[in-house]
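This is what each chain is made of:
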Amino acid sequence: MWNIASATGWTVEYILEKVNYQTLILMLSDAPRYVRRSSADSKVPQSGSGGIDPEAAAREAGDIVNFYQSNLEL
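Quantities reported herein were computed from a predicted structural model and do not represent experimental measurements.

Chemist: Explain the overall build of the chain here, please?
Modeler: Across its full length, the chain holds five helices and zero strands. Counting helices and strands in the order they occur from the N terminus, the chain gives α-α-α-α-α. Counting all 74 residues of the chain, 12% fall into the buried class. Here the chain has roughly 6,400 Å² of accessible surface; of this, 56% comes from carbon and sulfur atoms.

Structure (C-alpha cells):
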C-alpha cells in the first residue's frame, strides 16, 4: 500500500476509497519486491531456468487478495 502511495503521491485514504481493486492489483503485480529463498533452496544449485515455485506463488497471490478483501467494505 505504502509503495503505491509513495510512487504515485496519492494518500492511503484516496487509494482505499477512490482507486478500483483491479488497478491496485495491476500496480502491485508490477511493483518490485524481494523474495526470500528458503534454506532448502539455497542448498540446491540454480538450474538457470528461474525456477518459480508454483505453491509459493499461489500463497503470495492469496495473501495479497486476502489483504485487500479484508479492507474492502461491501
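Chemist: Looking at this structure, how should I read the nonpolar core?
Modeler: It is characteristic of soluble globular proteins that their nonpolar side chains tend to be buried jointly. If you look at the biggest cluster of nonpolar residues, it comprises eight residues: Met1, Ile4, Ala5, Ile15, Val19, Leu24, Leu28 and Tyr68. Those elements giving two or more residues to this core turn out to be helix H1 (2-8) and helix H3 (21-30). When near neighbours in sequence (up to four residues on either side) are disregarded, Ala5 contacts Trp10, Val12 and Ile15.

Chemist: Would you take a moment to explain the environment of Ile25 for this structure?
Modeler: The topology assignment puts Ile25 in helix H3. The exposure class assigned to Ile25 is partly exposed, which follows from its relative accessible area of 26%. In this structure the C-alpha to C-alpha distance between Ile25 and Ile64, which are 39 residues apart in sequence, comes to 8.4 Å. Setting aside its immediate chain neighbours within four residues, Ile25 contacts Ile64 and Tyr68.

The rules behind the values
- Residues numbered from 1 in each chain as written.
- Predicted model: local features only at pLDDT ≥ 70, side-chain atom pairs only at ≥ 80, totals over all residues.
- Heavy atoms only, no water.
- Helix = DSSP H or I, 4+ residues; strand = E, 2+ residues; numbered from the N terminus.
- Buried < 20%, exposed > 50% of the residue type's maximum accessible area, 1.4 Å probe, protein only.
- Areas by Shrake-Rupley, 256 points an atom, 1.4 Å probe, with all protein chains shown as cover.
- Core = buried A, V, L, I, M, F, W, Y, C linked by side-chain atoms within 4.5 Å.
- Contact = heavy atoms within 4.5 Å.

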